[in-house]
Every structure is written in C-alpha cells, then in structure tokens.
Amino acid sequence: MISINHTNIYKINDYSVHLKNLTPEDKFSRFGHTSSDHTIDQLILNMCYSPDCHELWYAEVNDVRIGWGHMARNGDGSWEIAVSVQHEYQRQGVGNKLIVEMLEWAKFHHISEVYMHCIEDNKVIQHLALKNALATRERGYGERTAAIEVPEPTLFENNAQLFKEQAEIMAEIAELRMRLANLWLSPTHQIN
Ligand SMILES: CC(C)(COP(=O)(O)OP(=O)(O)OC[C@H]1O[C@@H](n2cnc3c(N)ncnc32)[C@H](O)[C@@H]1OP(=O)(O)O)[C@@H](O)C(=O)NCCC(=O)NCCS
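Summarised in this report is the structure supplied together with it. (Residues numbered from 1 in each chain as written. Predicted model: local features only at pLDDT ≥ 70, side-chain atom pairs only at ≥ 80, totals over all residues. Heavy atoms only, no water.)

Considering the overall build of the protein
- Summing up its helical and strand segments, the protein has six helices and seven strands in all.
- Each principal axis of the C-alpha distribution contributes one length, and for the protein these read about 70 × 45 × 35 Å.
- Looking at the protein as a whole, 39% of its 192 residues qualify as buried.
- Within the protein, contacts between residues separated by at least 24 positions form 59% of all contacts whose residues are at least 6 apart in sequence.
- Put simply, the protein shows about 12000 Å² of open surface, and 55% of that area lies on carbon and sulfur atoms.
- Of the charged side chains in the protein, 17 are positive and 26 negative; the average position of the first set lies 2 Å away from that of the second. (Helix = DSSP H or I, 4+ residues; strand = E, 2+ residues; numbered from the N terminus. Buried < 20%, exposed > 50% of the residue type's maximum accessible area, 1.4 Å probe, protein only. Contact = heavy atoms within 4.5 Å. Areas by Shrake-Rupley, 256 points an atom, 1.4 Å probe, with all protein chains shown as cover. Lys, Arg positive; Asp, Glu negative; His and termini not counted. Charge placed at Lys NZ, Arg CZ, Asp CG, Glu CD.)

Here's the deal with helix 1 (residues 12–21)
- All buried positions along helix 1 are accounted for by Ile 12, Tyr 15, Ser 16, His 18 and Leu 19. With its buried residues spanning 160° around the axis, helix 1 presents them on a single face. Seen from the open side of helix 1, the exposed residues pointing more than 90 degrees away from its buried face are Asn 13 and Asn 21. (Arc of directions from axis to C-beta.)

Details of the environment of Asn 96
- Mapped onto the elements, Asn 96 comes out in helix 4 (residues 94–108).
- Considered as a pair, Asn 96 and Ala 129 are 33 residues apart in the sequence and their alpha carbons are 8.8 Å apart.
- Excluding residues within four positions of it along the chain, Asn 96 makes contact with Leu 128, Lys 131 and Asn 132.

Description of a nonpolar patch on the surface
- Among the surface-exposed residues, Ile 169, Met 170 and Ile 173 lie close enough to one another that they form a single nonpolar patch of about 280 Å² accessible area.
- Along the chain, Met 170 turns up in helix 6 (residues 155–185). (Patch = residues over 30% accessible without salt bridge, like charges linked within 9 Å, V, L, I, M, F, W, Y side chains within 5 Å. Salt bridge = Lys/Arg side-chain N within 4 Å of Asp/Glu carboxyl O.)

A short note on the layout of surface pockets
- Counted as a void, the largest pocket has a volume near 950 Å³.
- Looking at the largest pocket, it is lined by 41 residues, and the ones nearest its centre are Ser 29, Arg 30, Ala 82, Val 83 and Ser 84.
- Of all the secondary-structure elements, those providing two or more residues to the lining of the largest pocket are helix 2 (24–31), helix 3 (37–49), strand 3 (64–73), strand 4 (79–85), helix 4, strand 5 (113–119) and helix 5 (123–131).
- If one sorts the elements of the lining of the largest pocket by residue count, strand 4 sits on top with six residues.
- Across the lining of the largest pocket, the residue classes tally to 18 nonpolar, 17 polar and six charged.
- By volume, the second largest pocket amounts to about 680 Å³.
- In terms of lining, the second largest pocket is formed by 23 residues, of which the most central are His 6, Thr 7, Asn 8, Tyr 10 and Glu 172.
- Those elements giving two or more residues to the lining of the second largest pocket turn out to be strand 1 (2–7), strand 2 (54–61) and helix 6.
- Sorting elements by how many residues they give to the lining of the second largest pocket places helix 6 first, with eight residues.
- The residue makeup of the lining of the second largest pocket, split by class, is 10 nonpolar, five polar and eight charged. (1 Å grid on protein atoms, 1.4 Å probe; cavity = no way out; pocket = protein on both sides within 12 Å on 5 of 7 lines; lining within 4 Å. Points joined across faces, edges and corners; volume = space filled by probe spheres on them. Nonpolar A, V, L, I, M, F, W, Y, C, P; charged D, E, K, R; others polar.)

Pasting the structure below:
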C-alpha cells in the first residue's frame, strides 16, 4: 500500500539520497540536463537557505521511500513542481499520486499558478501533466512547460485538506512530546 506524506526540510537528506540514486536517464529527465552529485548538493543547499520556499512530499511503501514530489516558490508567487520515482517502482501510479497531492496542497493554499518543466522526449510526465489539467506548451531547446492556473478548492476539497494538514501537525506534536518525555526519563536527568 502506497502512502503519500507531506514533509519539510527535516527529511532533506533522504531527498538528496533519492535524487543522487536516480538512474542517469531519470536524472536527465528530472533536471533537464546531466546532473552530478555536486549539482544536487547545490540544490539541497539552496533549499536549506530558503526553507519557506520549498515543500516536499514522499511516497512510501512498507517504510521505504520510493518517490518524491518537490514544490519550489518563485519570486513572482508561482510554484514549480517536480517529481521523481525510483526506477523499479515506476508505472505503478506513484508519480500521479504525488502530483495530485501537490495540486491539492496548492489549491488549499490559494497558489494561483503551478508549472513544471518537462523535456520533449518525456512523454510520461507530459501525459501526467495533461491528466492533471496542466496545459503544455513548447519552450524551445527540446523543453516544454506544463502549467495550470490553480482553481479554488471546493468545500469538500478544502475540508479534506484542512483535516489532512491538521493530522500532520498532530503527528509533529506527538513526536515533540516523545522527545520531551525521553528527556525527562533520561537516566542522566536527576531531580534532587
Ligand atoms: C515521470 C515519473 C515521475 C512518472 O512516475 P510514475 O510513477 O512512473 O507514473 P505513474 O505510474 O503515476 O503514471 C504513468 C503514466 O504514464 C503513462 N505512460 C507510460 N508510458 C507512456 C508513454 N510512452 N507515453 C505516454 N504515456 C505513457 C501510463 O499509462 C500512466 O498513465 P495512466 O495512469 O493514465 O495509465 C517517473 O517516470 C520518473 O521518476 N521519471 C524520472 C524523473 C522525471 O522525469 N520527472 C519529471 C520531470 S520533473
């Protein structure tokens, strides 16, 4: 069973490992150019410098993270989305699930425009873009942009996302409570 989880900069190291372990072909499709570990480290460092401009999602099966979605905010208020799935887990619906989840988040947060860069040869991502109402257009140099003006959420979508994000915050609070309890229960902590 695949679950999709929204996360933050704390899991950035796992994201970096995932990107570095993509096959060379998948890395090329993901970034639109050949990417070394150094290029990926630069991306990760940029994310650390501006954590509020990045949102991450991961897909998990049996506690193994198999794919990631990334949204990055631009200066003009639009957000770029990117998605990648570990090669052996592709064509099982994971990429689409990540895109759906990112677009639901964008709707709830009233983001007006979301877009994605796709290389011309990447028919799979162009198919997924169209499936999710992102209109594609040529940019030249073998690239396309797929963009959507994000519609307002329906009442149902709004409530569903509200409860989802509330559950995420409750899970974070539970983790903090556990840390606090461990601190007080630590054998090195003595109250005289
Ligand atoms: C693009 C990518 C994220 C897709 O993830 P995925 O988990 O394989 O995608 P899904 O299984 O959800 O969907 C694949 C869809 O492509 C369709 N498809 C497969 N081969 C296709 C082809 N040659 N042409 C068009 N559509 C194709 C499938 O039928 C399926 O659509 P459907 O569900 O409507 O039937 C994955 O291939 C990947 O990680 N690629 C490398 C990184 C990348 O290219 N990222 C995109 C740029 S940001």
